[in-house]
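Tertiary structure, described
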Amino acid sequence: MLASDLADASRSAALTFDDVPLELRPSNWRRWLGKVKTRHIGEAVASEIDEKRAREMAAGEMQRDAYCQWLADRDLTTPAGRPVSGWDSTTLARWENGQ
């Protein structure tokens, strides 16, 4: 196999936002509400944050953590564990809104 064949193969196998699982896309954050347990929101509720808001915050955090793990599994995070340029959740949301 030639080097140019390898380069073409890697380009065709490149990830895009289409590859991001539906449950990790910003528009599906409500799916994560069912995964939020009392232990996830205890501290927020104790701090007098409304329980509904605390659940929404916990769901968002769980989704972000799962998305970052998905990126890490594909070597798309920085050494600090943040998404590499172009793969942050804001860019993903903009892409999704344009679909």
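Along every chain, residues carry numbers that run from 1 in the direction the sequence is written. Owing to the predicted nature of the model, reporting of local features is limited to residues with pLDDT of at least 70; listing and counting of side-chain atom pairs is limited to 80 or more, with chain, interface and lining totals taken over all residues. Calculated side-chain values reflect all of the structure's heavy atoms, with hydrogen atoms and water omitted.

On to the pattern of salt bridges, then. Throughout this description, the term salt bridge denotes a Lys or Arg side-chain nitrogen within 4 Å of a carboxyl oxygen of Asp or Glu. By the definition in use, this model includes 3 salt bridges. In this structure, E51 and R55 form a salt bridge, with 3.4 Å as the shortest nitrogen-oxygen distance. Of the two residues, E51 and R55 are both situated in helix α3 (residues 51-73); the distance of 4 residues between them amounts to about one turn of the helix. The exposure class assigned to R55 is partly exposed, which follows from its relative accessible area of 23%. The partner of K52 in a salt bridge is E56, with the nearest N and O atoms 3.6 Å apart. Of this pair, K52 and E56 are both found in helix α3, 4 residues apart, which corresponds to roughly one turn of the helix. With relative accessibility at 22%, the residue E56 sits in the partly exposed group. Residues participating in the shared-partner salt-bridge network are K52, R53 and E56. Secondary structure follows DSSP: runs of H or I at least 4 residues long count as helices, runs of E at least 2 residues long count as strands, and numbering of each begins at the N terminus. Any residue under 20% of the maximum accessible area for its type is buried, any over 50% is exposed, and the rest in between are partly exposed; the area is computed with a 1.4 Å probe on protein chains only.

With that out of the way, let us pick up the packing of aromatic side chains. Two rings from Phe, Tyr or Trp (for Trp, the six-membered ring) form a pair when their centres sit within 6.5 Å of each other. Planes less than 30 degrees apart are called stacked, planes more than 60 degrees apart edge-to-face, and all others tilted. Scanning the model with the defined rule gives 4 aromatic pairs in all. Seen from their ring centres, W70 and W87 are 6.3 Å apart, and the 45 degrees between their planes marks the pair as tilted. Here W70, found in helix α3, pairs with W87, found in the loop between α3 and α4 (89-97); they are 17 residues apart in sequence, far enough to count as distant. On the basis of relative accessible area, W70 is assigned to the buried category, the value being 8%. Under the relative-accessibility criterion, W87 is labelled buried at 12%. The rings of F17, Y67, W70, W87 and W95 are connected pair by pair, giving a single aromatic cluster. When the ring centre of W32 is taken as reference, the NZ or CZ atom of K35 above it lies at 4.1 Å. In our convention, an over-ring charge means Lys NZ or Arg CZ found within 6 Å of a ring centre and within 35 degrees of that ring's normal.

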